[in-house]
Amino acid sequence: ENGRCTTKLESMGFRVGQGLIERFTKDTARFKDELDIMKFICKDFWTTVFKKQIDNLRTNHQGIYVLQDNKFRLLTQMSAGKQYLEHAPKYLAFTCGLIRGGLSNLGIKSIVTAEVSSMPACKFQVMIQKM
């Protein structure tokens, strides 16, 4: 049951992400490469959606990117109470979809997963699927 809800939220996020990217990028120059696109997601996209940049972007240069947000906006309200930890996956599922949708509209197919280490910090892992 919970899994189905998360999947639905992910696909909602996907559609929202696609729409947002279309709006945000209509005036931007073409991106040079994958890393350039990821930087755009971490800076401009994240700032527009969550009012701050991603705190840390790491890559293994083999198609895996880790985006770390130390104060993830959707979790900050909840982080006071441990009992809310179980709701975190819902917010993260939507955001995973958001990232995946945004990337997909920029021509990058990906699998995005998230984990919460300690509230309200979280990490999004983006695995680029080679076409």
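Throughout, residues of each chain are indexed from 1 in the direction in which the sequence is written. In keeping with the model being predicted, local features are shown solely for residues with a pLDDT of at least 70 and side-chain atom pairs are shown and tallied solely at 80 or more, while totals for entire chains, interfaces and linings include all residues. As a convention, hydrogens and water are excluded, and side-chain values are obtained from all of the structure's heavy atoms.

By the naming in an unreviewed UniProt entry, the protein is Trafficking protein particle complex subunit 6B, taken from Furnarius figulus. The heading Function (unreviewed entry) in the UniProt record of the protein holds the text "Component of a transport protein particle (TRAPP) complex that may function in specific stages of inter-organelle traffic. Specifically involved in the early development of neural circuitry, likely by controlling the frequency and amplitude of intracellular calcium transients implicated in the regulation of neuron differentiation and survival." UniProt positions are given in the numbering used here, feature names are shortened, and annotations may be inferred rather than shown by experiment. Within the UniProt record for the protein, the comment given under Sequence similarities (unreviewed entry) is "Belongs to the TRAPP small subunits family. BET3 subfamily."

Enquirer: Can you lay out the overall build of the protein for me, pointing to particular residues and giving the numbers?
Expert: The helix count covers DSSP runs of H or I at least four residues long, the strand count covers runs of E at least two residues long, and both are numbered beginning at the N terminus. When you go through the protein residue by residue, the secondary structure sums to four helices and four strands. Secondary structure elements of the protein occur, N-terminal to C-terminal, as α-α-β-β-α-α-β-β. The C-alpha radius of gyration of the protein comes to 14 Å, within 12% of the 14 Å expected for a compact globule of 131 residues. Across its three principal axes, the protein shows a C-alpha extent of roughly 45 × 30 × 30 Å. In the protein, which comprises 131 residues, the proportion classed as buried is 39%. Whether two residues touch is decided by their heavy atoms; if any such pair falls within 4.5 Å, the residues are in contact. Considering only contacts within the protein whose residues lie at least 6 apart along the sequence, 57% involve residues at least 24 apart. Throughout, the radius of gyration refers to the C-alpha atoms, and the reference size of a globule is 2.2 Å times the residue count to the power 0.38. Working definition: with a 1.4 Å probe on protein chains only, accessible area under 20% of the residue-type maximum means buried, over 50% means exposed, and in between means partly exposed.

Enquirer: Give a detailed account of the pairing of strand S3 (residues 109-116), specifying residues and quantitative values.
Expert: One face of the sheet, then the other: side chains in a regular strand alternate in exactly this way. The rule for pairing is simple: two strands pair if DSSP sees at least two bridges between them. When S3 meets strand S4 (residues 122-129), the two strands line up antiparallel, connected through eight bridges. Among the inter-strand pairings, Glu115 is bridged to a residue of S4, identified as Lys123. Taking the residues between adjacent antiparallel strands as the criterion, S3 and S4 are bridged by five residues.

Enquirer: For the packing of aromatic side chains, give the residues involved together with the corresponding values.
Expert: The description of an aromatic ring pair uses the distance of the two centres, along with the angle that the planes make with each other. Centres within 6.5 Å are what make two rings of Phe, Tyr or Trp a pair, Trp counting through its six-membered ring; a difference in plane orientation under 30 degrees is then read as stacked, over 60 as edge-to-face, and the rest as tilted. Enumeration over the complete set of coordinates arrives at seven aromatic pairs. Both rings, one in Trp46 and one in Phe50, keep their centres 4.7 Å apart while their planes meet at 50 degrees; by these two values the pair is tilted. With Trp46 and Phe50 both in helix H2 (residues 34-50), this residue pair falls four residues apart, about one helical turn. Residue classification places Trp46 among the buried positions, given a relative accessible area of 0%. Each ring, one from Trp46 and one from Phe124, has its centre 5.5 Å from the other, and the planes form 65 degrees; the classification is edge-to-face. On the criterion of sequence distance, the pair formed by Trp46 in helix H2 and Phe124 in strand S4 is long-range, its members being 78 residues apart. The two residues Trp46 and Phe124 agree in class, both being buried.

Enquirer: With reference to specific residues and values, describe the environment of Cys122.
Expert: With respect to the helices and strands, Cys122 occurs in strand S4. Along the sequence, Cys122 and Phe72 sit 50 residues apart, while their C-alpha atoms lie 6.6 Å from each other. With residues up to four places along the chain from it excluded, the contact list for Cys122 reads Leu67, Gln68, Asp69, Phe72, Leu75, Leu92, Glu115 and Val116.

Enquirer: So what about the nonpolar core? Which residues, and what values?
Expert: Working definition of a nonpolar core: buried Ala, Val, Leu, Ile, Met, Phe, Trp, Tyr and Cys residues. They are joined through side-chain atoms within 4.5 Å. Among the nonpolar cores identified, the biggest contains 31 residues, and Phe45, Trp46, Leu67, Phe72, Leu103, Phe124 and Val126 are the most heavily contacted of them. Contributions of two or more residues to this core are made by helix H1 (2-25), H2, strand S2 (64-69), helix H4 (88-105) and S4. It is H2 that provides the largest number of residues to this core, a total of eight residues. If near-sequence neighbours (up to four positions away) are discounted, Trp46 is found in contact with Ile41, Lys51, Lys52, Gln53, Ile54, Asp69, Phe72, Thr95, Ile99 and Phe124.

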